[in-house]
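Report on the structure
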Amino acid sequence: MNEELAMLAEMVDRLSADLWALVGESGLADPFADTDFTWTQAGAIARAVGAHAVPLPLVETLLAGWLLHRAGLAVPEGPLTVAETLPLPQGALLTGSAEAVPWGRHATRLVGVATAGGAPQVVSIDLATATVAPDANIAREPRDRLTLVDCPAEVASADLPADIVRRAGAALRAAQTAGAAARVLDDSVAYANERVQFGRPIGKFQAIQQTLAVLAGRVAAADTAVDAMWRAVDRRGFADSFAEIAAAKIRAGEAATLAANTGHEVHGAIGFAHEHLLNFHTRRLWAWRAEYGGDGGWAVALGRQVAARGPDCLWSDITARNQ
């Protein structure tokens, strides 16, 4: 690396460190240190992260911190990340690997759940000696492969579902997706009212109005499903909120698909330019709708649960769960 590139890299590293320091000072990196903090509030943070395409592992750090609090383990400073499953360490050291870890290259610790040999165990791994193979999703967010060789690890039991990271991760991605889809809708409406074609704003054309109205309905449905999900989680916990998480992930995924399509239809070629904010949101929508299970997979799982409970439970499951 020549001197100019080294200076640029140092500048970015310094800026990222300063930005994360501001997050830490705000308390957003570890909000569950306050025992009165709710998942509805955490969901508002995740939605804002999605709406503003925040290039930080804030959501992952929030989830990792919550897992550590539940297990009674220390929550360290700095960015954290999560993995759906991890092997149990041998003694105080862990050897293994983790694939597609969000922001793995930037994290100080990796937190996940190990289920081998009995009840779920929260595992917290020091990444100081981990080897990172950088990778990214379609939104260019880090999704790295971590090779762990004798990494120091802590383990503690917690009364949590074995698939807690998938459930909580899906819930948070649904909130981020809803926020990004709403931002695409707002930006598309604003652009349609500004872009003049044939002597008037394109937002005056009925076809554009109808397209945006359909998107507004999908965004509202996603927001409603996400809000209902957080209410369920706050009342009953993740273990008994599968249906609400599935519904939110499904509706958010549907909104993501339509928002990306509609946003680029309305903006035209300019929306694909790297300098335009639209593609920063749509690329995240394409990536997030598949992470922690796509909407199709969640729809199948929800359908199986409904079928297993039988027709006599359907109406009460829909109408009475959150009363």
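Here is a short report on the structure shown in this document. (Residues numbered from 1 in each chain as written. Predicted model: local features only at pLDDT ≥ 70, side-chain atom pairs only at ≥ 80, totals over all residues. Heavy atoms only, no water.)

Quick look at the overall build of the protein chain
Secondary structure assignment for the protein chain yields 9 helices and 8 strands. Here the C-alpha radius of gyration of the protein chain, 21 Å, is about what a compact globule of 323 residues would show, namely 20 Å. Along the three orthogonal principal directions, the C-alpha set of the protein chain runs to about 70 × 70 × 30 Å. Across the 323 residues in the protein chain, those meeting the buried criterion constitute 46%. Contacts spanning at least 24 positions in sequence make up 72% of the contacts within the protein chain whose residues lie at least 6 apart. Across the protein chain, the mean location of the 27 positive side-chain charges is 9 Å away from that of the 36 negative side-chain charges. (Helix = DSSP H or I, 4+ residues; strand = E, 2+ residues; numbered from the N terminus. Rg over C-alpha atoms; globule rule 2.2 N^0.38 Å. Buried < 20%, exposed > 50% of the residue type's maximum accessible area, 1.4 Å probe, protein only. Contact = heavy atoms within 4.5 Å. Lys, Arg positive; Asp, Glu negative; His and termini not counted. Charge placed at Lys NZ, Arg CZ, Asp CG, Glu CD.)

Examining the pattern of salt bridges
Across all of its chains, the model carries 16 salt bridges by this definition. Counted as one network, the salt bridges with shared partners bring together Glu 60, Glu 141, Arg 143, Arg 173, Arg 284 and Glu 291. (Salt bridge = Lys/Arg side-chain N within 4 Å of Asp/Glu carboxyl O.)

Digging into the pairing of strand β3 (residues 109–114)
Most of β3 sits inside the fold, with 6 of its 6 residues counted as buried. Burial of the side chains of β3 extends over both faces: Arg 109, Val 111 and Val 113 are buried on one face and Leu 110, Gly 112 and Ala 114 on the other. Of the pairings in the sheet, the one linking strand β1 (residues 80–83) to β3 comprises 4 bridges and is parallel in character. Within β3, the residue paired with Val 82 across the bridge is Val 111. Of the strand pairs in this sheet, β3 and strand β4 (residues 121–126) are connected by 6 bridges, and their pairing is antiparallel. By the bridge assignment for β4, Val 111 is matched with Ser 124. (Pairing = 2+ DSSP bridges.)

Regarding the nonpolar core
In this structure, Trp 39, Trp 66, Leu 67, Val 122, Trp 230 and Phe 238 are the most contacted members of the largest nonpolar core, which totals 75 residues. If one sorts the elements of this core by residue count, helix α4 (residues 164–194) sits on top with 16 residues. Each residue touching Val 122, except ones within four places of it in the same chain, is listed here: Leu 67, Leu 68, Ala 71, Leu 73, Val 111, Gly 112, Glu 154, Val 155, Ala 156, Ala 158 and Leu 160. Judged by nonpolar contacts, the second largest core, of 16 residues, contains Ala 107, Leu 127, Cys 151 and Ala 153. (Core = buried A, V, L, I, M, F, W, Y, C linked by side-chain atoms within 4.5 Å.)

Observations concerning unusual backbone geometry
In this model, Ala 100 sits at a positive phi of 50 degrees, which is unusual for a non-glycine residue. Mapped onto the elements of the fold, Ala 100 is located in strand β2 (residues 93–102). Among the residues examined, Ala 100 registers a relative accessible area of 48% and is labelled partly exposed.

Details of helix α2 (residues 39–51)
Here α2 is 13 residues long and its end C-alpha atoms lie 18 Å apart, about the 18 Å a rise of 1.5 Å per residue gives. Of all the positions in α2, only Trp 39, Ala 42, Gly 43, Ile 45, Ala 46, Val 49, Gly 50 and Ala 51 are classed as buried. Buried residues along α2 sit against α3 (58–71), α4, α5 (206–236) and α7 (278–288). Where α2 ends, the next residue or the one after it, Ala 53, has phi of about 50 degrees, a positive value. (Expected span 1.5 Å × (residues − 1).)

As for α4
Between the first and last C-alpha of α4 there are 45 Å, a value that for 31 residues agrees with the 45 Å anticipated at 1.5 Å per step. Taking burial as the measure, the 31 residues of α4 include 23 buried ones, the bulk of the element.

A word on a nonpolar patch on the surface
Taken together, Val 306, Leu 314 and Ile 318 make up a surface patch of nonpolar side chains, about 260 Å² in accessible area. Its place among the elements puts Leu 314 in helix α9 (residues 311–319). Judged by relative accessible area, Leu 314 falls into the partly exposed class, the value being 39%. (Patch = residues over 30% accessible without salt bridge, like charges linked within 9 Å, V, L, I, M, F, W, Y side chains within 5 Å. Areas by Shrake-Rupley, 256 points an atom, 1.4 Å probe, with all protein chains shown as cover.)

Points about the packing of aromatic side chains
Evaluation of the coordinates by the stated rule reveals 7 aromatic pairs. Measuring from ring centre to ring centre gives 4.8 Å for Phe 32 and Trp 39, while their planes differ by 45 degrees; the resulting arrangement is tilted. With respect to class, Phe 32 is no different from Trp 39; both count as buried. Between Trp 39 and Trp 66, the aromatic rings sit 5.2 Å apart at their centres with planes inclined by 75 degrees, giving edge-to-face as the arrangement. Separated by 27 residues along the polypeptide, Trp 39 in helix α2 and Trp 66 in helix α3 bring together distant segments of the chain. Across the pair, exposure class does not vary: Trp 39 and Trp 66 are buried alike. (Phe/Tyr/Trp six-rings, centres within 6.5 Å; stacked < 30°, edge-to-face > 60°.)

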